[in-house]
Amino acid sequence: MIRVLLAEDMHMIRAALTALLRLEPDLDVVAEVTRGDEIVPAALAARPDVAVLDIDLPVVDGITAAASLRERLPSCRVLVLTALGQPGQVRRALAAGIEAFLVKDAPGDQLADAIRRTAAGLRVLDAELVSSAMEYGESPLTPRESSVLKEAARGSSAEETASRLHLSPGTVRNYLTAAITKTGARNKIDAIRIAEDAGWL
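Computed from a predicted structure; not experimentally measured. (Residues numbered from 1 in each chain as written. Predicted model: local features only at pLDDT ≥ 70, side-chain atom pairs only at ≥ 80, totals over all residues. Heavy atoms only, no water.)

## A look at the pairing of strand β5 (residues 100–103)
Part 1: Neither face of β5 is open: one carries Ala100 and Leu102, the other Phe101 and Val103, and all of them are buried.
Part 2: As paired elements, strand β4 (residues 77–82) and β5 share four bridges and run parallel to each other. Residue pairing for β5: Leu81 is matched across the bridge by Leu102.
Part 3: For β5 and strand β6 (residues 124–125), the ladder comprises two bridges, and the chain directions are parallel. Looking across to β6, one finds that Phe101 is bridged to Leu125.
Part 4: With helix α5 (residues 108–119) bridging β5 and the parallel β6, this β-α-β connection has left-handed handedness. (Buried < 20%, exposed > 50% of the residue type's maximum accessible area, 1.4 Å probe, protein only. Helix = DSSP H or I, 4+ residues; strand = E, 2+ residues; numbered from the N terminus. Pairing = 2+ DSSP bridges. Right-handed = clockwise from strand over helix to strand, strands pointing away.)

## Looking at the packing of helix α7 (residues 143–153) against helix α8 (residues 158–165)
Part 1: It is the contact of α7 with α8, at a shortest axis distance of 10 Å, that shows an interaxial angle of 130°. With respect to their mutual orientation, α7 and α8 come out oblique. In this structure, the crossing between α7 and α8 has a hand that is right-handed. Listed contacts from α8 to Arg144, Ser147, Val148 and Glu151 of α7 are Thr161, Arg164 and Leu165.
Part 2: Among the residues forming the contact of α7 with α8, the class breakdown is two nonpolar, two polar and three charged. (Axes fitted to C-alpha atoms, helices over the stretch in contact; angles between N-to-C directions. Parallel < 35°, antiparallel > 145°, perpendicular 65-115°, else oblique. Left-handed = near helix turned anticlockwise from the far one by under 90°. Contact = heavy atoms within 4.5 Å. Nonpolar A, V, L, I, M, F, W, Y, C, P; charged D, E, K, R; others polar.)

## A word on the environment of Ala46
Part 1: Locating Ala46 in the fold gives a position in helix α2 (residues 39–46).
Part 2: The class of Ala46 is buried, set by a relative accessible area of 12%.
Part 3: Measuring from C-alpha to C-alpha, the distance between Ala46 and Val29 comes to 9.8 Å, with 17 residues separating the pair along the chain.
Part 4: Ala46 has contacts with Arg3, Val30 and Ala31, leaving out every residue within four places of it along the chain.

## Things to note about α5
Part 1: Compared with the 16 Å implied by 1.5 Å per residue over twelve residues, the 17 Å span of α5 between its first and last C-alpha is a close match.
Part 2: Along α5, the residues classified as buried are Leu111, Ala112, Ala114, Ile115 and Thr118. Each buried residue of α5 sits inside an arc of 160° when the element is viewed along its axis, so together they form one side.
Part 3: Just beyond α5, the residue with positive phi is Gly121, at close to 95°. (Expected span 1.5 Å × (residues − 1). Arc of directions from axis to C-beta.)

In structure tokens form, the structure reads like this:
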């Protein structure tokens, strides 16, 4: 029996995935959580063989939680689910040593098979996602440019961003200009869209 931890913040999706996996005779959902910061404590208590993690979880994202889980419970392998399949997220997942990466709209039997293969020590990666990740490449943005662009994506003004990041408003505008140039964008909104689509934010 393969013991599975499931982390998904949307109740209906989590319930559907749990019901689907419980139809499989060799899979047992031993823990369910809704936030990224709940993954490690739940895993330490339930000792799953495979953790199936949504990438976009509240408090701590699935990739960050997966890295913590690998440190605290190395015997638990990780399969990350995403609805987005952003290339930058795929690259982050691969860099974090995640064994399996699957899109949420994959057929149910594909998910069950991916869990079995992950538990057996195989890497399960969606070929299309990996191909698109290689196509986009690494983020051209520095950490500071990314931080400033993230603040802009949240709707923060240059002054608000400057206050949060302990910079001057002029420096914030310089970082935004650099981010626009490096992403090949026409303006700030376009830079945010390009960076989010590539998974760089």
